[in-house]
Amino acid sequence: MKTINKLVFAFFLFATFLAKADIDDMPVPGGGGTGGHGTGGAPSSPIDMYVYLLSIVAFAFIAYYTKKYKRVKA
């Protein structure tokens, strides 16, 4: 039961950071522009495209190692 509590806490902590990462605190530059990141409108960080995939992989690793730990402990 303690492991589940730790996983739930980690999930809520991760969700909080994910929600905070979505808030844009950058000021909008003057002149009506949106402050693009070069030609083509590419994202400023390529990891932005894979956030959902990375979170799924992270939860898969958590589940795998939790089951592995339970087998070794039992």
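Residues numbered from 1 in each chain as written. Predicted model: local features only at pLDDT ≥ 70, side-chain atom pairs only at ≥ 80, totals over all residues. Heavy atoms only, no water.

Colleague: How should the packing of aromatic side chains be read in this particular structure?
Modeller: Aromatic ring pairs are reported here in terms of the distance separating the ring centres and the angle at which the planes meet. Across all of its chains, the model carries five aromatic pairs by this definition. Aromatic side chains Phe-11 and Phe-59 sit 5.6 Å apart centroid to centroid with 50° between the ring planes, which places their arrangement in the tilted category. Note that Phe-11 is positioned in helix α1 (residues 2-22) and Phe-59 in helix α2 (residues 51-73), a separation of 48 residues in sequence. You can call Phe-59 partly exposed: its relative accessible area is 35%. Ring centres of Phe-61 and Tyr-65 lie 6.3 Å apart, and the angle between their planes is 15°; on these two criteria the pair is classed as stacked. Of this pair, Phe-61 and Tyr-65 both sit in helix α2, four residues apart, roughly one helical turn. (Phe/Tyr/Trp six-rings, centres within 6.5 Å; stacked < 30°, edge-to-face > 60°. Helix = DSSP H or I, 4+ residues; strand = E, 2+ residues; numbered from the N terminus. Buried < 20%, exposed > 50% of the residue type's maximum accessible area, 1.4 Å probe, protein only.)

Colleague: Could you clarify how one ought to interpret a nonpolar patch on the surface in this entry?
Modeller: Together, Ile-4, Leu-7, Val-8, Phe-11, Phe-12, Phe-14, Leu-18, Phe-59 and Ile-62 make up a nonpolar patch on the protein surface, roughly 750 Å² of accessible area in all. At the level of elements, α1 and α2 are the ones that each hand at least two residues to the nonpolar patch. Judged by relative accessible area, which is 38%, Phe-11 ranks as partly exposed. (Patch = residues over 30% accessible without salt bridge, like charges linked within 9 Å, V, L, I, M, F, W, Y side chains within 5 Å. Areas by Shrake-Rupley, 256 points an atom, 1.4 Å probe, with all protein chains shown as cover. Salt bridge = Lys/Arg side-chain N within 4 Å of Asp/Glu carboxyl O.)

On their own, these measurements won't tell you what the molecule is for.
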